[in-house]
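Working through the structure, step by step
Now for the letters of each chain:
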Amino acid sequence: MSLALNDLLICCRHLEHDRATERRKEVEKFKRLIRDPETVQHLDRHSDSKPGKFLNWDAVFRFLQKYIQKETECLKTAKPNVSASTQSSRQKKMQEISSLVKYFIKCANKRAPRLKCQELLNYIMDTVKDSSNGAIYGADYSNILLKDILSVRKYWCEISQQQWLELLSVYFRLYLKPSQDINRVLVARIIYAVTKGYCSQTDGLNPKFLEFFSKAVQCARQEKSSPGLNHVLAALTIFIKILAINFRIRVCELGDEILPTLLYIWTQHRLNDSLKEVIIELFQLQIYIHHPKGAKTQEKGAYESAKWRSILYNLYDLLVNEISHIGSRGKYSSGSRNIAVKENLIELMADICHQVFNENTRSLEISQSYTTTQRELSDYSVLCKRRRIELGWEVIKDHLQKSQNDFDLVPWLQIATQLISKYPASLPNCELSPLLIILSQLLPQQRRGERTPYVLRCLMEVALCQGKISNLEGSQKSDLLKLWIKIWSITFRSISSEQIQAENFSLLGAIIQGSLVEVDREFWKLFTGSACRPSCPAVCCLTVALTICVIPETAKTGLEQNISEVNRSVSLRELIMKWLIFYQLEDDLEDTTELPPILHSKFPHLSLEKILVSLAVKNCKAAMNFFQSAPECEEHQKSKEEPSFLEIEDLFLQTTFDKMDFLTIVKECGIEKHQSSIGFSVHQNLKESLDRYLLALSEQLLNNYTSETTNPETLVQCSSLLVGVLGCYCYVGVIAEEDAYKSELFQKAKSLMQCAGESITLFKNKTNEESRIDSLRNMMLLCTSYLCNCMKHNPNKIASGFFLRLLTSKLMNDIADICKSLASFIKKPFDYGEVESVEDDTDENLMEVEDQSPMNLLDVYSAYSVSDANESGESQSITGAANPLAEEYLSKQDLLFLDMLKFLCMCVTTAQTSIVSFRAADIRRKLLMLIDSSMLDLTKSLHLHMVS
């Protein structure tokens, strides 16, 4: 045993000395020794190795427990009736003991969690459960539980199901029977953390804990303030998300039981925004469980009851009032204020409107039982308050008309937009014209443009909704056509306004998609001049137009052309090609260094390439439809975010044994149709023009290229544009893949990628040059996005194959060598050093802070820094073990390494089904060497990311 450990062992044994003064001296020595670098290094090494005879952190902790037990017994046996100064000294002694425990845990776990979870947790729980010890140390040890145990992911994996249940039971009781010794907000935060751990780490949740949540909500009704209620309700939300899968009816019954109380708390208590957010989320979750995917009847999968129906009407009334209050606060508040209401409230309101709106019911008298006090509830002679509410689309239209203030208008525009978007069938045919009249009147009334985007979005959803309706009467169609022509004209005139350009193009695209107006030549001219530049919204609108409409051959009408111009006029298709590729740069292409938008703007994957190739095909509309019907690449589908509760709603619907849409979708998806591309022919002159423009764009980049100044991601983007066009050519059958490899476009793409590869070679010798790192990261991300390893025959797959052929052995080996270099010279994030002193750490009980939301303990690996507040409102920083996977421990070089690693892995995987220009086996071998046990060091953050 080393001398340092020997000194610590002697000190630990002296902690049990009978004389208090001796113990006090040894405690000071103990603090000094456990932060000594040499001692820390030995304790860490022994704790990480197999259990043996050597002193480790767990053994030292057992000595510390004996010391605390001895001091506690002395405090208990001391005389109860003493002076105030003596009592103060004892209180200070208790705080010193708690601080010593905190200090020890932080010293032991600062570099990584080294104390055994079971021993630490058992000690904390035994102390909190003990009535006498709990009164002395309960608050401080609960703090330790929250900050130093429940915030460590490693410990989460070691806590058994029985221990999770015990933790819940103990702190449930402490919350329902609050003690002056432990702050209630701290208890609520522990409940939230334990619930999250219990739900994520165990199977077979016990529904009996729903009773606690019900009691907690009932208790909150009787209290003027509800400390920690936001954390308790957040825990309930987590709990029922998991529990609802197997106990849907029980969860619905709980909602019927507690939602009236929450309505009472909302209306009678002054809630902060944090608590309102949690209550809204709980309301929304109950809507999903009662009405999966908007089901309105029991036959379609809804859970119905008279009580629930009453709750819905009361909730509707409450939200109408809440939205009005939000508007009023906005009107009369000083300074700038967002005119929009938060999306979660809008979504909840839309879901409720879908349930309560009925064409046959315009108003209804409801009973507001939730406003009745507990005393009135016990007195049966007291009648519940009754109130008449207005229902239906008349309510939305009235709110859109009765005020010209944006704070009143915008929330109802948001509600109408969300309602029509999510439930198109909820808008009756008879309401189309009245709603369009109101919206068309609001559209020209631009006050600093604040309301206009919301009007445009609502109109877009109405247009998409009308496009799906096939049973409109002739007279109604005529009235709607006049309105849409007026809306089209207003939108078209304001297309150059950059603030609302995205919304304008989305509305035009929706009108075209629904064939609501006839598209004229003026529309196509938008994509030939300077009225707007190529952008994602513009390209999406053009895609819709080319899919739905037949594009005119020329930009001018016959009257605008004289006979001599007819044969020589430039076709509209060619003008659109030039607009997309050059945008005002074609006249001085050789002299300018400015890049066109096509090379520095983000567009949907292959959207530009599909448009350009379709414009070169004789039947442009058929070609665009062919592209649009291609099976979607699985890799790009993964990036689409799906609602977290959607699968559970599907499950609820399947249990009704009703015929549901998703069953049909599954059946259709199960049969992949391989479409034939035979029959597409091209305008040879247009194809030649397209190739010439693309080659000119490439030449511009190559002529202006310098290894020091040219951005490599621009070269990659242009290269991918060329092979993307080639991939689309092949998909429609214009050229064969073998001919594409021999084409001039492909050769230019190779030249561009070779230039881009030079930046990799330069960086290989200067890996510390941070100025290039961001550019190279973007380059790697771009390259990875162009690869596709799915088995479906589509343009993505073909273009991916072409792009893979551009990757030379030199490029791939340079990237692999850079990865090896970056992986080998990374410092350990957990270098042994002196532990910071935390003697002055005097954590107080946590108090509730306005707008404080439940903390996300799963976002961290171990103890973290979080701001709490003590009685004086001062914030404190809590330090604990560092998270080795936290991004803060990754340098820019590390992030570049991980991006390069992902790209190489994708290339090697995709190469299994494609022909490539590099030796995939060599790259695979170099990748495997990176995770060789002789090179891998799991104490390094980067290496942990490599294997995670």
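Every value quoted in this text rests on a predicted model; they were computed, and no experiment measured them. For every chain, the first residue of the written sequence is number 1, and numbering continues from 1 onward in sequence order. Per-residue local features are limited, in this predicted model, to residues with pLDDT of at least 70; the limit for side-chain atom pairs, both in listing and counting, is 80 or more; totals at the level of whole chains, interfaces and linings are taken over all residues. Excluded from the side-chain calculation are hydrogens and water; included are all heavy atoms of the structure.

1. Regarding the overall build of the protein
Rules: Strands are runs of DSSP state E lasting at least 2 residues, helices are runs of H or I lasting at least 4, and numbering of each runs from the N terminus. Only protein chains enter the accessibility calculation, which uses a 1.4 Å probe; a residue is then buried when its area is under 20% of its type maximum, exposed when over 50%, and partly exposed in between. Contacts are assigned to residue pairs with any non-hydrogen atoms lying within 4.5 Å of each other. Note on areas: these come from Shrake-Rupley sampling with a 1.4 Å probe, and a residue is covered only by the protein chains present in the view.
Looking only at helices and strands, the protein features 42 helices and four strands. For the protein, buried positions account for 54% of its 948 residues. In the protein, of all internal contacts separated by at least 6 residues, the share reaching a separation of at least 24 is 76%. About 44,400 Å² of surface is accessible on the protein, with carbon and sulfur atoms providing 49% of the total.

2. Brief notes about the nonpolar core
How we decide: Put simply, a nonpolar core is a bunch of buried Ala, Val, Leu, Ile, Met, Phe, Trp, Tyr and Cys residues held in one set by side-chain atoms that sit within 4.5 Å of each other.
Residues F30, Y316, W484, F523 and W524 are the most contacted members of the largest nonpolar core, which totals 304 residues. Top contributing element to this core by residue count: helix α34 (residues 712-731), with 12 residues. Among all residues touching W484, those that are not within four sequence positions of it are L436, L459, V462, A463, Q466, L507, I511, L516 and V517.

3. So, a nonpolar patch on the surface
Worth spelling out the cut-off: The residues that make up patches have over 30% relative accessible area and no salt bridge, and they are joined within 9 Å when like-charged or within 5 Å when they are Val, Leu, Ile, Met, Phe, Trp or Tyr. In what follows, salt bridge is the name for a side-chain nitrogen of Lys or Arg lying within 4 Å of a carboxyl oxygen of Asp or Glu.
Taken together, the side chains of L928, I931 and V947 present a nonpolar region at the surface, about 260 Å² in accessible area. On the secondary structure map, I931 appears in the loop between α41 (920-930) and α42 (941-947).

4. A look at the packing of helix α36 (residues 744-764) against helix α37 (residues 773-785)
Counted only if it meets this: The axes are straight lines fitted to the C-alpha atoms, using for helices just the contacting stretch, and the angles between their N-to-C directions are given from 0 to 180°. Working rule for angles: under 35 degrees goes down as roughly parallel, over 145 as roughly antiparallel, 65 to 115 as roughly perpendicular, anything else as oblique. Crossing handedness: left-handed means the near helix sits turned counterclockwise from the far one by under a right angle, and right-handed means the same turn made clockwise. Think of it as three bins: nonpolar holds Ala, Val, Leu, Ile, Met, Phe, Trp, Tyr, Cys and Pro, charged holds Asp, Glu, Lys and Arg, and polar takes everything else, Gly as well.
Interhelical geometry of α36 versus α37 gives an angle of 130° and a closest axis separation of 11 Å. Here α36 lies oblique to α37, going by the angle between them. Both α36 and α37 take part in a crossing whose hand is left-handed. Here A756, S759, I760 and F763 of α36 come into contact with α37, specifically with I773, L776, M779 and M780. In terms of residue class, the contact of α36 with α37 is built from seven nonpolar, one polar and no charged.

5. Some thoughts on the pattern of salt bridges
If you walk through the whole model with that rule in mind, you get 32 salt bridges. A salt bridge links D140 to K102, with the nearest nitrogen and oxygen atoms 3.7 Å apart. Highlighted residues: D140 in helix α7 (residues 131-149) and K102 in helix α5 (residues 84-109), separated in sequence by 38 residues. Take D140: its relative accessible area is 14%, and that puts it in the buried class.

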